[in-house]
Amino acid sequence: MKRALGVCYYPEHWPEEMWARDAAEMVSVGLSWVRIGEFAWSRLEPDPGQFDFDWLDRAIETLGGAGLRVILGTPSATPPRWMLDRFPDMLAVDATGHPRTFGSRRHYCHSHDGYRDAAAAMAARLAERYGKNPHVAAWQIDNEYGCHDTVLSYSAAAKDAFRNWLAQKYQSPDALNRAWGNVFWSMEYSDFNDIDLPNLTVTQPNPSHELAFRRFASDQVVQWNAAQAAALRKHTDKPLIHNYMGRVLEFDHFAVARDLDIASWDSYPIGFLSDRLEASPEYKARYLRQGDPDMQAFHHDLYRAMNAGRWWVMEQQPGPVNWAPYNPAPLPGMVRLWTWEAFAHGAEIVSYFRWRQAPFAQEQMHAGLKRPDDAPAPGTAEAAAVAAELRDMPDVGIAAAPVALIFDYPSSWAWNVLPQGADFDYFRLIFDAYRALRRRGLSVDILPAETSDLSAYKLVLAPGLGTLPDPLRAAIGQTTCLLGPRANLITDELSIPMPMGPNLPGLKTTVSCVESLPPGTARPVTGGGAVLHWHETLEGDAETALEMADGAPLMVGKDGLHYLAGWPDAALWDRVIDLLGLDLTLEDLPDGLRLRDTATHRFAFNYSPDTVTWNGTSIAAADVVWWPL
Amino acid sequence: MKRALGVCYYPEHWPEEMWARDAAEMVSVGLSWVRIGEFAWSRLEPDPGQFDFDWLDRAIETLGGAGLRVILGTPSATPPRWMLDRFPDMLAVDATGHPRTFGSRRHYCHSHDGYRDAAAAMAARLAERYGKNPHVAAWQIDNEYGCHDTVLSYSAAAKDAFRNWLAQKYQSPDALNRAWGNVFWSMEYSDFNDIDLPNLTVTQPNPSHELAFRRFASDQVVQWNAAQAAALRKHTDKPLIHNYMGRVLEFDHFAVARDLDIASWDSYPIGFLSDRLEASPEYKARYLRQGDPDMQAFHHDLYRAMNAGRWWVMEQQPGPVNWAPYNPAPLPGMVRLWTWEAFAHGAEIVSYFRWRQAPFAQEQMHAGLKRPDDAPAPGTAEAAAVAAELRDMPDVGIAAAPVALIFDYPSSWAWNVLPQGADFDYFRLIFDAYRALRRRGLSVDILPAETSDLSAYKLVLAPGLGTLPDPLRAAIGQTTCLLGPRANLITDELSIPMPMGPNLPGLKTTVSCVESLPPGTARPVTGGGAVLHWHETLEGDAETALEMADGAPLMVGKDGLHYLAGWPDAALWDRVIDLLGLDLTLEDLPDGLRLRDTATHRFAFNYSPDTVTWNGTSIAAADVVWWPL
Amino acid sequence: MKRALGVCYYPEHWPEEMWARDAAEMVSVGLSWVRIGEFAWSRLEPDPGQFDFDWLDRAIETLGGAGLRVILGTPSATPPRWMLDRFPDMLAVDATGHPRTFGSRRHYCHSHDGYRDAAAAMAARLAERYGKNPHVAAWQIDNEYGCHDTVLSYSAAAKDAFRNWLAQKYQSPDALNRAWGNVFWSMEYSDFNDIDLPNLTVTQPNPSHELAFRRFASDQVVQWNAAQAAALRKHTDKPLIHNYMGRVLEFDHFAVARDLDIASWDSYPIGFLSDRLEASPEYKARYLRQGDPDMQAFHHDLYRAMNAGRWWVMEQQPGPVNWAPYNPAPLPGMVRLWTWEAFAHGAEIVSYFRWRQAPFAQEQMHAGLKRPDDAPAPGTAEAAAVAAELRDMPDVGIAAAPVALIFDYPSSWAWNVLPQGADFDYFRLIFDAYRALRRRGLSVDILPAETSDLSAYKLVLAPGLGTLPDPLRAAIGQTTCLLGPRANLITDELSIPMPMGPNLPGLKTTVSCVESLPPGTARPVTGGGAVLHWHETLEGDAETALEMADGAPLMVGKDGLHYLAGWPDAALWDRVIDLLGLDLTLEDLPDGLRLRDTATHRFAFNYSPDTVTWNGTSIAAADVVWWPL
Ligand SMILES: [Zn+2]
Ligand SMILES: [Zn+2]
Ligand SMILES: [Zn+2]
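- The name given to chain A in an unreviewed UniProt entry is Beta-galactosidase, with Sulfitobacter aestuariivivens as the source organism.
- The Sequence similarities (unreviewed entry) field of the UniProt record for chain A holds the comment "Belongs to the glycosyl hydrolase 42 family."

Listed below in structure tokens is the structure:
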């Protein structure tokens with residue numbers, strides 16, 4: 001499929017006389033898609049029941065007439081002020097019991113039926129009007145679920161919904177008490193209506209209680225999204241999309257994706273480096289203007305797994321953003337690099353956020369392709385360069401990767417609820433593994449835990465997978481698999497299973513003890529590398545593949561299946577990959593260089609601030625090069 | 001008295017068919033005591049007024065029949081969910097005004113009369129049934145007062161009770177205004193009912209107001225405990241015990257102890273090192289798997305002072321815990337070491353927490369002597385080793401220590417309310433002094449400020465003692481005493497006394513100025529060592545024993561009585577002890593080694609991760625050795 | 001004008017028999033002013049409507065009779081407890097919605113009309129009684145506006161007042177929507193009563209909304225102060241004063257000053273170093289007992305700008321304070337140094353806080369000139385020394401400084417609301433510039449942004465000035481001016497202006513991009529120095545005066561007007577001053593030495609802990625020397 005570029009645009013922010021010129025200029029830059037409408041509710045329905053679609057009709061006509069394909073957003077992330085008069089209890093409530101009020105965005109609780117229905121009704125109304133419009137080529141539902149910590153709400157609506165959810169799931173308080181082990185500390189319930197949300201407790205609530213709430217909260221997002229999807233599908237057959245974020249883990253994206261056609265995400269490499277990655281100040285300084293070399297690729301690979309390979313970048317950072325602790329400008333070339341990286345990972349569309357920097361309100365310091373005074377910002381030329389390169393490029397087909405990594409949202413919730421060590425974080429563990437694979441030049445597929453076929457891969461990793469589902473367990477024999485650390489050690493209810501884990505087929509090993517470790521207490525491994533953060537004691541007669549300096553087994557197994565009993569540092573990850581990746585071509589890449597193979601090409605992306613040489617080619621900082629395969 | 005081992009057990013967590021086997025195995029390991037019942041209210045009274053004691057009858061019979069002596073807990077730390085229907089206002093409220101809700105434990109306010117009476121009634125009911133039961137050899141009231149910051153509550157019940165407490169104490173608002181100096185900032189009251197709890201004020205409330213609240217809150221715990229003690233004593237003459245925690249200072253344990261027969265505490269060496277000690281990361285890394293070498297001993301010595309020497313370890317960490325920021329496993333040998341250390345300090349019983357790791361709920365990651373799958377965890381063998389050693393050992397009698405340290409809960413409250421420097425903490429100061437004594441090989445007795453006889457000691461230290469009580473003042477002449485820093489500088493109401501302190505008999509010195517010091521500004525002392533955190537200026541013609549590098553007096557006095565005008569670093573503590581401990585045998589111990597003399601033996605405990613040599617003996621890491629005296 | 005010394009005194013804290021002796025001793029020390037009464041409401045009106053002025057009559061008579069001139073405070077910062085019965089809703093509310101309750105001071109919301117009127121009525125009553133009293137020579141209104149974060153209140157009273165304020169300012173919701181850009185995220189309002197205070201929003205509220213709230217909150221303080229000023233002026237023609245604090249920026253002091261006659265402030269050099277300055281621990285250790293060498297001078301110069309040069313130090317730290325994280329004692333000599341420094345900067349009066357240390361309540365650890373036991377504290381001798389020196393000194397006249405620095409409270413609010421980088425703080429930027437000038441030996445005048453005449457200065461700096469007012473813009477040509485970084489880049493409503501800034505007359509430069517930088521990522525400048533925290537990209541053909549190592553323009557302009565596109569480190573500031581200060585005499589001062597020129601003398605203040613030599617003179621630590629000019 002031919003890749004294409006797009007941009008996010010807010011006609012309601014600009015005088016109507018600018019629209020046609022903007023549209024023409026978008027086309028001349030080489031953009032062919034435009035997303036609009038997702039925050040415009042107050043202009044579409046200024047007063048309750050008083051609709052004004054005329055301006056949107058004209059905006060779509062102007063953009064579409066210029067040759068652009070429109071992605072139309074449903075505006076439910078920004079209910080107008082009057083909606084609160086209708087539903088005073090629609091606001092989310094934070095964990096300390098304070099309402100999260102009007103004045104920015106995402107001011108709603110996913111459990112409020114009234115607002116959910118009102119949002120779906122608005123979606124239906126839009127689809128009725130634009131569902132068959134020839135210029136409207138796709139739909140975005142809502143905007144960035146979970147952004148600003150908006151999945152977990154402690155409102156009265158959430159409490160009621162949680163009780164119903166529990167009653168549905170457990171059928172009787174006794175069943176729930178048994179499932180959660182509520183005999184502990186006399187936490188037993190005799191009525192579902194006695195069960196509160198797990199906030200404000202004296203000390204940690206029952207982890208099973210918390211995990212149930214996390215599952216419930218994720219389900220509420222799924223249901224919320226499904227309501228709009230159903231409303232839209234009645235009137236349109238264009239693809240439905242949501243734009244996810246980076247490192248938002250509070251809802252199961254795989255589950256939301258089931259009601260959608262295409263996954264998309266909002267890629268802000270420099271913002272994410274600043275505000276949501278564990279790294280030393282020196283590391284962050286090195287990648288200050290480029291972003292982390294693996295963060296974008298990780299999410300590309302993750303979201304590619306959602307809808308059978310169909311995915312977009314809905315928002316691509318084109319310059320400095322406004323919301324991170326520090327907001328430097330991208331190194332010249334990075335906007336082009338990020339764009340090509342997305343295509344190399346299979347994106348159909350990369351859409352920049354936003355066309356023109358708005359001179360007002362919360363995002364006035366967020367760069368666009370154009371400056372507030374309409375002069376071109378540096379991103380424009382880089383977007384245009386990609387557009388030209390795309391014209392000359394054969395299509396970028398996705399190739400299956402040789403390696404797969406299992407990613408599982410419920411595992412993230414489980415370890416968040418019961419970390420057992422201040423530094424144990426599921427994303428961090430997975431991302432360390434992903435980074436280790438990528439440093440060796442590997443392309444990676446990310447798979448959900450529901451996977452049942454691993455036969456396409458030469459190596460599959462599943463660190464931190466809380467509970468191993470039966471189909472995946474059955475598939476383990478198909479290839480070389482590495483589970484652990486902390487894999488298959490809990491039940492679905494977040495308790496300890498019998499027999500104790502990892503309980504893997506043919507692998508006689510039991511985790512008899514787990515330890516969390518503070519910084520500065522890494523444990524050496526015989527032959528090099530060390531264990532950080534987390535270490536397990538293994539028992540049983542499984543064959544030892546790696547051992548600790550004190551002789552204890554660290555990695556056990558042979559042939560197909562191995563279990564790893566600690567969190568590796570970078571050197572140890574390298575050794576693990578060397579041991580398990582005998583069938584793989586492993587590279588030794590310069591610092592900051594990353595590869596990605598498509599069906600036809602090998603791409604190299606230089607995230608480092610310096611020129612590097614690889615494969616006989618000198619690659620400048622922020623440059624991307626490719627070779628036919 | 002013959003020392004013995006015990007364990008905490010939860011029959012309600014396990015199928016009844018396991019009980020007998022568990023009991024037999026406990027006996028075979030060498031345990032002779034078992035604590036049960038303290039969290040079982042929801043099983044003893046599943047619905048209000050519907051009691052079910054049958055299972056407890058059987059559990060006691062099974063355990064007792066196997067030869068175990070039962071400690072029965074009153075279950076008031078975990079009121080069942082239905083209790084909240086009865087007393088919706090029984091919850092504690094935090095300092096920001098939020099209720100601390102159901103869902104874990106200790107969800108009650110000590111000032112709520114209704115729940116206090118309900119808890120006492122439950123205790124009475126248990127005592128009626130089991131008070132004369134031959135297997136029930138002791139009682140535990142409630143569980144870990146103060147754990148999870150549960151002493152200070154800002155509920156309506158607490159406010160009412162506080163007003164009554166104030167009215168009782170001061171009799172008239174005018175007396176209170178004068179005692180607190182409320183003329184300052186127009187804080188005067190004309191009615192006790194106008195006085196709020198000291199939270200949510202614009203800036204710091206009157207320290208006298210805060211200290212009164214701290215005293216009140218401590219009294220509420222005392223009264224709470226006394227209610228159950230009275231209820232129990234009506235029906236039993238077995239000893240009454242409470243299990244205190246480590247470094248919980250919000251209530252006066254000496255006062256609670258007056259209603260009890262035996263003190264006990266819950267000793268979690270590795271958890272405490274991780275979550276409640278000031279130390280560098282390097283120090284914590286060194287003692288990661290052993291715990292701090294002085295923390296356990298300190299609490300042993302502290303709690304030994306509560307009930308005429310009768311004290312137990314009710315809960316002993318047997319492996320990794322679940323609640324500290326980092327939870328490594330004990331170094332092999334440490335469970336034995338901790339147990340012997342308790343006995344060397346005079347414990348009658350050391351009881352491990354818990355028998356079998358529960359596979360569910362909050363503490364599912366807390367190790368027991370046995371694993372969740374019933375296999376023995378490493379702690380079992382160490383407990384059995386101690387049991388065997390105990391059998392071969394003559395009884396471990398307590399000897400009076402040559403040195404005493406005064407410990408005073410109200411001083412801790414006073415300095416917490418009015419620290420005058422971010423790093424001034426009473427426990428930290430006391431613990432520094434204790435550590436300094438122990439590094440020199442000394443055994444230490446801890447005494448309350450109410451002490452009136454010091455004649456048994458060669459040296460008595462009272463750093464940070466806010467107000468010197470008259471009986472202690474009278475006893476000062478009996479031996480060598482060191483007061484200060486910050487000793488006898490305040491009145492009972494937390495104001496500055498006239499004449500200004502320390503105002504000691506025969507010692508002409510006045511603290512004319514105090515200073516708090518940030519890290520990195522240590523002040524050198526002539527001859528070595530430095531003053532940290534806190535420094536006082538002395539005036540008067542007392543003889544100077546130590547002086548600052550600038551010539552100012554630091555330690556003054558002679559013969560019996562000295563005053564120390566700064567917070568010493570380790571080197572300075574050594575010099576102070578050298579100067580004052582002329583009659584003492586001072587050792588120079590290897591790093592991490594500690595001694596303790598009983599009536600018959602000298603024990604040495606190696607907390608360091610390395611083998612050390614002392615007294616001609618090589619002592620392995622985590623080993624304990626003893627010699628007859 | 002002859003400079004004089006004073007002291008703060010609380011007759012209500014001491015037995016009446018001490019008053020006369022205290023007064024006599026004040027005079028003998030050389031004090032001639034005494035401030036009283038500002039916290040005494042509960043003694044002036046013990047019960048509602050029951051007044052007791054007799055004691056105050058006697059106190060004034062005693063003090064005045066001894067020869068002291070009295071500054072009488074209105075007691076509105078400490079409403080008595082009964083005021084809350086009258087106005088239960090008078091309390092301020094914090095940003096999380098919690099009331100800020102009785103029990104300390106400043107427990108009122110500036111928007112509460114009822115309490116504002118009650119406070120004004122009390123002021124009127126005092127003025128009626130003492131307005132013509134010959135001993136009462138000046139009035140202080142309230143105390144330390146903004147102390148303890150008391151400008152921003154989220155009470156119901158504030159919400160109502162804010163809505164009215166908005167309606168007055170914008171006249172229609174549509175106008176407000178347009179001014180704020182509320183079309184963004186559908187934040188449009190149709191009724192002023194729908195607009196909430198900008199707290200508890202899901203993510204950042206509209207910066208224009210926040211800035212409006214900040215302006216409103218400042219106006220409320222102005223109005224509050226004006227109410228008492230008006231009440232007092234009806235009955236007295238003595239000067240009206242308020243005592244401001246250090247680095248309190250939440251209200252516009254220039255606006256408050258318009259209703260007053262003399263500015264004053266409370267100078268706590270050591271407390272401020274500890275609790276409100278960005279500096280390394282090493283720097284803070286160096287100045288631990290002296291305070292920052294520029295902090296006092298900065299505020300002297302700032303407050304001198306408020307009332308045509310008339311300003312006082314109302315409270316001068318005389319020893320250790322009680323409220324900073326660390327509270328060391330001043331180096332001997334510093335009390336004298338601070339006092340002389342104030343005089344050198346033009347203070348009419350320096351008044352120490354307080355006469356005698358109170359032995360009770362919140363400030364019992366705050367030193368006075370006298371100890372609680374009435375012995376003299378070290379400050380007394382230093383005050384007496386200054387008094388003696390003053391007698392021998394010709395009057396200290398203020399000379400105009402050669403350099404001016406623009407200081408603008410609304411700019412501080414704007415950048416606080418929209419920092420765009422975690423380390424961007426207006427005061428910090430201004431203070432860096434001020435420090436850079438002072439390191440070169442320059443005396444500095446601080447000017448408000450409303451300034452329209454710069455002709456007296458050889459150099460004027462305006463870093464961080466959000467919006468350049470027209471009169472100042474017109475004055476720019478009068479001398480050498482440096483704007484930037486971040487100057488004239490926003491509109492009054494906190495949006496981006498068209499054309500984009502800095503848009504300066506005759507300077508063809510536009511900021512096309514801004515970047516915020518984390519620590520450790522300083523950007524080098526050709527020729528030396530570096531840019532920290534903040535960096536702008538300039539576009540246009542203005543002449544380059546300084547450039548980045550990568551060739552980008554950093555400072556542009558020539559002759560009169562320059563723009564600086566980055567936040568300089570100390571070395572770069574030096575270069576900027578060298579480049580622009582050709583007409584100035586620039587010194588190279590020893591570390592910690594500062595100069596100040598009066599009309600007749602050059603003063604040198606040694607803040608360093610070591611003796612320094614300058615101008616051929618050896619100056620001891622904490623010493624001050626002067627030479628006739
Ligand atoms: Zn709250
Ligand atoms: Zn416990
Ligand atoms: Zn003050």
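Back to the text.
1. What to know about the overall build of chain A
- A tally of helices and strands in chain A yields 18 helices and 25 strands.
- By the compact-globule yardstick of 25 Å for 629 residues, chain A fits well, its C-alpha radius of gyration being 25 Å.
- Each principal axis of the C-alpha distribution contributes one length, and for chain A these read about 75 × 70 × 40 Å.
- Contacts spanning at least 24 positions in sequence make up 70% of the contacts within chain A whose residues lie at least 6 apart.
- Counting every atom, chain A has about 19,200 Å² of accessible surface; 50% of that belongs to carbon and sulfur.
- Chain A carries 54 positive and 79 negative side-chain charges, and their two centres are separated by 3 Å.

2. Looking at the interface of chain A and chain C
- With 46 residues of chain A at the interface, the matching set in chain C holds 46 residues.
- Summed over the three residues of chain A that lose the most area to chain C, namely Tyr326(A), Gln362(A) and Met365(A), the buried surface amounts to 17% of that side.
- Glu515(C) serves as the salt-bridge partner of Arg289(A), at 3.9 Å between the closest nitrogen and oxygen.
- Applying the counting rule to chain A against chain C returns 21 residue pairs in polar contact (both at pLDDT 80 or more).
- Looking at side-chain class alone, the side of chain A that touches chain C contains 20 nonpolar, 15 polar and eleven charged residues.

3. Examining the relation of the copies chain B and chain A
- By a simple turn and slide, chain B fits onto chain A: the slide is 0.0 Å along the axis, the RMSD is 0.0 Å, and the turn is 120°. When the rotation and shift are considered jointly, the pair of chain copies conforms to a three-fold rotation axis.
- A different interface surface on each copy is seen, since only 2% of the contact residues of chain B are contact residues in chain A too.

4. Considerations on the domain arrangement of chain A
All names here are of chain A.
- In terms of domains, chain A is made up of domain 1 (4-79 + 110-149 + 239-392), domain 2 (403-580) and domain 3 (593-628).
- A separation of 30 Å is found between the C-alpha centroids of domain 2 and domain 3.
- Taken together, the contact between domain 2 and domain 3 spans six residues of the former and four residues of the latter.
- For the pair domain 2 and domain 3, the two sides together bury roughly 520 Å², of which 35% comes from carbon and sulfur.

5. Observations regarding the coordination of the zinc ion (ligand 2)
Residues and elements named next belong to chain B.
- Coordination of the zinc ion (ligand 2) by the protein involves Glu144 (OE) and Glu315 (OE), with metal-donor separations of 2.4 to 2.5 Å. On the criterion of sequence distance, the pair formed by Glu144 in the loop between β4 (136-140) and α6 (156-170) and Glu315 in strand β7 (residues 311-316) is long-range, its members being 171 residues apart.
- For Glu144, a relative accessible area of 4% translates into the label buried.

6. Here's the deal with the sheet that holds strand β19 (residues 561-564) of chain B
Residues and elements named next belong to chain B.
- Reading across from one edge, β10-β9-β11-β12-β19-β18-β17 is the order of the seven strands in this open sheet, with mixed pairing throughout. On the outer flanks of this sheet lie β10 (444-447) and β17 (544-547), each paired with one strand and no other. Averaged over all neighbouring strand pairs, the angle between strand axes comes to 20°, with direction disregarded.
- Of the pairings in the sheet, the one linking β17 to strand β18 (residues 553-558) comprises three bridges and is antiparallel in character. By the bridge assignment, Thr544 is partnered in β18 with Val556.
- In the packing of helix α12 (residues 295-304) onto the sheet, contacts are made with β9 (403-406) and β10, and the angle to β10 comes to roughly 50°.
- Across the face of the sheet, helix α16 (residues 426-439) comes into contact with β9, β10 and β11 (459-462) while running at roughly 175° to β9.

7. So, the environment of Ala158(C)
Residue and element names in this part refer to chain C.
- Inspection of the secondary structure puts Ala158 in helix α6 (residues 156-170).
- The exposure class assigned to Ala158 is buried, which follows from its relative accessible area of 1%.
- Ignoring anything within four residues of it in the chain, the contact list for Ala158 reads Cys109, Ser111, Ser153, Leu197 and Phe216.

8. Describing the UniProt feature "domain: Glycoside hydrolase family 42 N-terminal" (unreviewed entry) in chain A
- The sites that carry the UniProt feature "domain: Glycoside hydrolase family 42 N-terminal" (unreviewed entry) are, in the present numbering, residues 8-392 of chain A.
- Within the segment residues 8-392 of chain A, helix and strand shares are 41% and 9% respectively, and the terminal C-alpha atoms sit 25 Å apart.

9. What about the UniProt feature "binding site: substrate" (unreviewed entry) in chain A?
Residue and element names in this part refer to chain A.
- The UniProt entry lists Arg105, Asn143 and Trp323 under the feature "binding site: substrate" (unreviewed entry), expressed in the numbering used here.
- Structurally, Asn143 can be placed in the loop between β4 (136-140) and α6 (156-170).
- In this structure Asn143 comes out as buried when scored by relative accessible area, which is 1%.
- Leave out the neighbours within four places in its chain, and Asn143 touches Arg35, Glu38, Phe39, Ala77, Arg105, Arg106, His242, Asn243 and Glu315.
- Within the secondary structure layout, Trp323 lies in the loop between β7 (311-316) and α13 (334-344).
- Aside from chain neighbours lying at most four places away, what touches Trp323 is Tyr268, Gly271, Phe272, Asp275, Arg276 and His366.

10. A short note on the interface of chain B and chain A
- Taken residue by residue, the interface counts 47 residues in chain B and 45 residues in chain A.
- It is Tyr326(B), Gln362(B) and Met365(B) that lose the most area in chain B upon contact with chain A, and together they represent 17% of the buried surface on that side.
- Where chain B meets chain A, there are four salt bridges.
- Taken together, the links from chain B to chain A amount to 22 residue pairs in polar contact (both at pLDDT 80 or more).
- Here the side of chain B that touches chain A gets three residues from one element, more than from any other, and that element is helix α2 (residues 41-44) of chain B.

11. Some points on the pattern of salt bridges
- Scanning all chains against the criterion turns up 128 salt bridges over all chains.
- For Arg35(B), the salt bridge is made with Glu38(B), and the minimal N-O distance between the two is 2.7 Å. Neither residue differs from the other here; Arg35(B) and Glu38(B) are each classed as buried.
- Each of Arg21(A), Asp22(A), Glu25(A), Arg356(A), Lys370(A) and Asp374(A) takes part in salt bridges that share partners, so that together they form one network.

12. Remarks on the packing of helix α5 (residues 113-130) of chain B against helix α8 (residues 207-233) of chain B
All names here are of chain B.
- Relative orientation of the contacting elements α5 and α8 amounts to 30°, with a least axis distance of 8 Å. Between α5 and α8, the interaxial angle falls into the category roughly parallel. Crossing hand, α5 versus α8: right-handed. Where α5 approaches α8, its residues Tyr115, Arg116, Ala119, Ala120, Ala123, Ala124 and Ala127 are matched on the opposing element by Gln223, Trp224, Ala227, Gln228, Ala231 and Leu232.
- Broken down by class, the residue content of the contact of α5 with α8 amounts to ten nonpolar, two polar and one charged.

13. Some remarks on the relation of the copies chain A and chain C
- Once chain A is rotated about the relating axis by 120° and shifted along it by 0.0 Å, it coincides with chain C to within an RMSD of 0.0 Å.
- Taken as a fraction of all interface residues of chain A, those also at the interface in chain C reach only 2%, which identifies the copy contact as different-surface.

14. Concerning the sheet that holds strand β12 (residues 480-483) of chain C
Residue and element names in this part refer to chain C.
- The seven strands lie next to each other as β10-β9-β11-β12-β19-β18-β17, forming an open sheet whose pairing is mixed. In the strand order of this sheet, the two ends are held by β10 (444-447) and β17 (544-547), each with one partner. With strand direction ignored, the average angle separating the axes of adjacent strands in the sheet is 20°.
- Note: strand β9 (residues 403-406) against strand β11 (residues 459-462), three bridges, orientation parallel. Residue pairing in the sheet places Ala404 in a bridge with Val460 of β11.

15. Thoughts on unusual backbone geometry
- At the junction of Phe353(B) and Arg354(B), the peptide bond is cis and its omega measures out at 10° in the coordinates.
- Summarising the element assignment, Arg354(B) is placed in the loop between β8 (349-352) and α14 (378-392).
- Going from Gly501(B) to Pro502(B), the amide bond is cis rather than trans, its omega being 5°.
- Position of Pro502(B) among the secondary structure elements: in strand β13 (residues 502-504).
- Located in the positive-phi region is Asp559(C), a residue other than glycine, with phi close to 50°.
- Looking at the element boundaries, Asp559(C) is found in the loop between β18 (553-558) and β19 (561-564).
- Residue Asp559(C) is classed as exposed on the basis of its relative accessible area, which comes to 64%.

16. Some remarks on the pairing of β7(B)
Residue and element names in this part refer to chain B.
- Burial analysis of β7 places six of its six residues in the buried class, which makes it a mostly covered element.
- Two strands pair when backbone bridges link them, and strand β6 (residues 262-267) and β7 are joined in this way by five bridges, in the parallel orientation. Across the sheet, Trp265 pairs through a bridge with Val313, a residue of β7.
- Two elements, β7 and β8, share two bridges in a ladder whose sense is parallel.

Thresholds, definitions, all that
Residues numbered from 1 in each chain as written. Chains lettered and ligands numbered in written order. Predicted model: local features only at pLDDT ≥ 70, side-chain atom pairs only at ≥ 80, totals over all residues. Heavy atoms only, no water. UniProt positions renumbered as here; feature names shortened; annotations may be inferred. Helix = DSSP H or I, 4+ residues; strand = E, 2+ residues; numbered from the N terminus. Rg over C-alpha atoms; globule rule 2.2 N^0.38 Å. Contact = heavy atoms within 4.5 Å. Areas by Shrake-Rupley, 256 points an atom, 1.4 Å probe, with all protein chains shown as cover. Lys, Arg positive; Asp, Glu negative; His and termini not counted. Charge placed at Lys NZ, Arg CZ, Asp CG, Glu CD. Buried area = accessible area lost by both parts, 1.4 Å probe. Salt bridge = Lys/Arg side-chain N within 4 Å of Asp/Glu carboxyl O. Polar contact = N/O pair within 3.5 Å; in protein donor to acceptor, adjacent residues only side chain to side chain. Nonpolar A, V, L, I, M, F, W, Y, C, P; charged D, E, K, R; others polar. Least-squares fit on C-alpha atoms with pLDDT ≥ 70 in both. Domains from an automatic or database assignment. Donors = N, O, S within 2.8 Å, 3.2 Å for Na, K, Ca; no water. Buried < 20%, exposed > 50% of the residue type's maximum accessible area, 1.4 Å probe, protein only. Pairing = 2+ DSSP bridges. Axes fitted to C-alpha atoms, helices over the stretch in contact; angles between N-to-C directions. Parallel < 35°, antiparallel > 145°, perpendicular 65-115°, else oblique. Left-handed = near helix turned anticlockwise from the far one by under 90°.

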